[in-house]
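Chain and residue survey
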Amino acid sequence: MEPKKKIAILGSTGSIGTQALEIAREQKDRIEIEVLTANSNADLLIQQAIEFNPNHVVIADESKYTYVKDALSKNDIKVFAGSKSIADVMEITSADTVLTAMVGYSGLLPTIKAIENKKRIALANKETLVVAGELITQLCAQNRVDLIPVDSEHSAIFQCLVGEDLNAIEKILLTASGGPFRGKKREELANVTKAQALKHPNWSMGAKITIDSATLMNKGLEVIEAKWLFGVKGFQIEAIVHPQSIIHSMVQFTDGSIKAQLGLPDMKLPIHYAFFFPERIATDFKRMDFSKINTFTFELPDTDTFRNLALAYQAMNKGGNMACILNAANEIAVDAFLQDKIGFLEIAELNEKCMQTVPFIQNPTLNDYIETDKVTRETATSFVGKSILP
Ligand code: NDP
Ligand code: MG
């Protein structure tokens, strides 16, 4: 019998976090939950803690500390509160694997702490690599820590690369569903509502990534994520729209051969793979029926309409803190769109404006990233509500 995997789940109350806990429930003999964290959903966090009995629980929202602590007073669970505690817990937990399933920039510092404490990273929180990919990959190398992707496209690429020499990669074909507005032109998108944008055709996910999928920012973030994960150059990464979301991505090698990884669109598959890699553990997840899925189609993304994808390539090629600026601007923009403060097309406008305004730093330190994130948020917030469309 293999020893149990000891897993910390950062963002356990979210879409990825709850699916990870379904896996933990199904693989009770193989998985032990060490840490659970949430931002403010105290009730679900308490319920999860009672079921999975972790050693540590963290609620970022400090006003909920007493509520969570009291609810778990009869359990042998240490409760902490505050964003900083999420990172601090990485120093004391005996977890060997950390699933980073928080949203956005909030994942950066806990991920750094986890790497410094030699935890294997199952990375869902792509924004961490977007913000500080160079720093994170260097830290992983220094600490001999594996970064196993959970994002379905990157899990696909990772699986295609098992047993391969990374120098033999010619290009990565990153597939995209195209989101709910595929085929639409700018004029048709000016007045789309958040309810329309939140309706993803193939995946059920948290609000931020669902809006990112509708604007193609998600694919842009994933292009940058792929660059850092697989050590390729920007021009070697090609995004291609595949509306069926069955081919999760492909790798073309220098001999012209292409490998693809396929599966039903279900995030439990890549989460499961990341937890157990290099083992493949049997599951009873739903299987694909090729007699029902008989058409695969492909098209190029429309970067004139979905400008965020083009901005992400620009940020990646520029390097330095530019992707950090883009990420922070986009977090504010998505938030503002979800609060009906800006329109759909203004998300990319606001992102571009921040990329032009916030000071560029060629070789940022961790403090520079922290400062860039802060300044960009302030800058982006000041643009919200003003007419910034040309
Ligand atoms: P959700 O919004 O569903 O969940 C986010 C989780 O993180 C929740 O537990 C939330 O707590 C917590 N959280 C949010 N903000 C903070 C914060 N500032 N501090 C501490 N905790 C916080 O997101 P998803 O699960 O959809 O996405 C998580 C990550 O995984 C993202 O980076 C996303 O890009 C990536 N990803 C997601 C996929 C998906 O299918 N959902 C697919 C591929 C990647 P609370 O519940 O209390 O708010
Ligand atoms: Mg993805």
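Residues numbered from 1 in each chain as written. Chains lettered and ligands numbered in written order. Predicted model: local features only at pLDDT ≥ 70, side-chain atom pairs only at ≥ 80, totals over all residues. Heavy atoms only, no water.

Surrounding ligand 1, one finds 25 residues, the nearest of these being T13, S15, S40, N41 and E127. Contacts to ligand 1 include N41, whose backbone N or O atom sits 2.8 Å from an oxygen atom. M102 has a polar backbone atom sitting 3.2 Å from an oxygen atom of ligand 1. Along the lines of polarity and charge, the residues of the shell around ligand 1 split into eleven nonpolar, eleven polar and three charged. (Near = heavy atom within 4 Å. Polar contact = N/O pair within 3.5 Å; in protein donor to acceptor, adjacent residues only side chain to side chain. Nonpolar A, V, L, I, M, F, W, Y, C, P; charged D, E, K, R; others polar.)

Quick look at the packing of aromatic side chains now. Counting across every chain of the model gives five aromatic pairs. A ring pair is formed by F158 and Y273, whose centres lie 6.3 Å apart and whose planes are at 75°; its orientation type is edge-to-face. Of this pair, F158 sits in helix α7 (residues 152-161) while Y273 sits in helix α12 (residues 268-276), placing them 115 residues apart in sequence. Accessibility assignment for this pair places F158 and Y273 in one class, buried. Look at F181 and F344: their rings are 5.1 Å apart centre to centre, the planes differ by 85°, and that puts the pair in the edge-to-face class. Taken as a pair, F181 in the loop between β8 (169-176) and α8 (186-189) and F344 in helix α15 (residues 344-357) lie far apart in primary sequence, 163 residues in all. Judged by relative accessible area, F181 falls into the buried class, the value being 4%. When its relative accessible area of 4% is taken as the criterion, F344 is described as buried. Members of the aromatic cluster, connected to one another through ring pairs, are F158, Y273 and F277. Directly above the aromatic system of W228 lies the positively charged group of K227, at a separation of 4.8 Å from the ring centroid. (Phe/Tyr/Trp six-rings, centres within 6.5 Å; stacked < 30°, edge-to-face > 60°. Helix = DSSP H or I, 4+ residues; strand = E, 2+ residues; numbered from the N terminus. Buried < 20%, exposed > 50% of the residue type's maximum accessible area, 1.4 Å probe, protein only. Lys NZ or Arg CZ within 6 Å of the ring centre and 35° of its normal.)

Where a metal carries four tetrahedral donors, each ideal angle is 109.5 degrees; where it carries six octahedral donors, the ideal angles are 90 or 180 degrees. For the magnesium ion (ligand 2), every protein donor is listed as D151 (OD), E153 (OE) and E222 (OE), and the spread of their distances is 2.1 to 2.2 Å. Written as a sequence motif, the donor arrangement for the magnesium ion (ligand 2) is D-x1-E-x68-E. Placement of E153 in helix α7 and of E222 in helix α11 (residues 217-230) is noted, with a sequence separation of 69 residues between them. When sorted by exposure, E153 lands in the same class as E222, which is buried. (Donors = N, O, S within 2.8 Å, 3.2 Å for Na, K, Ca; no water.)

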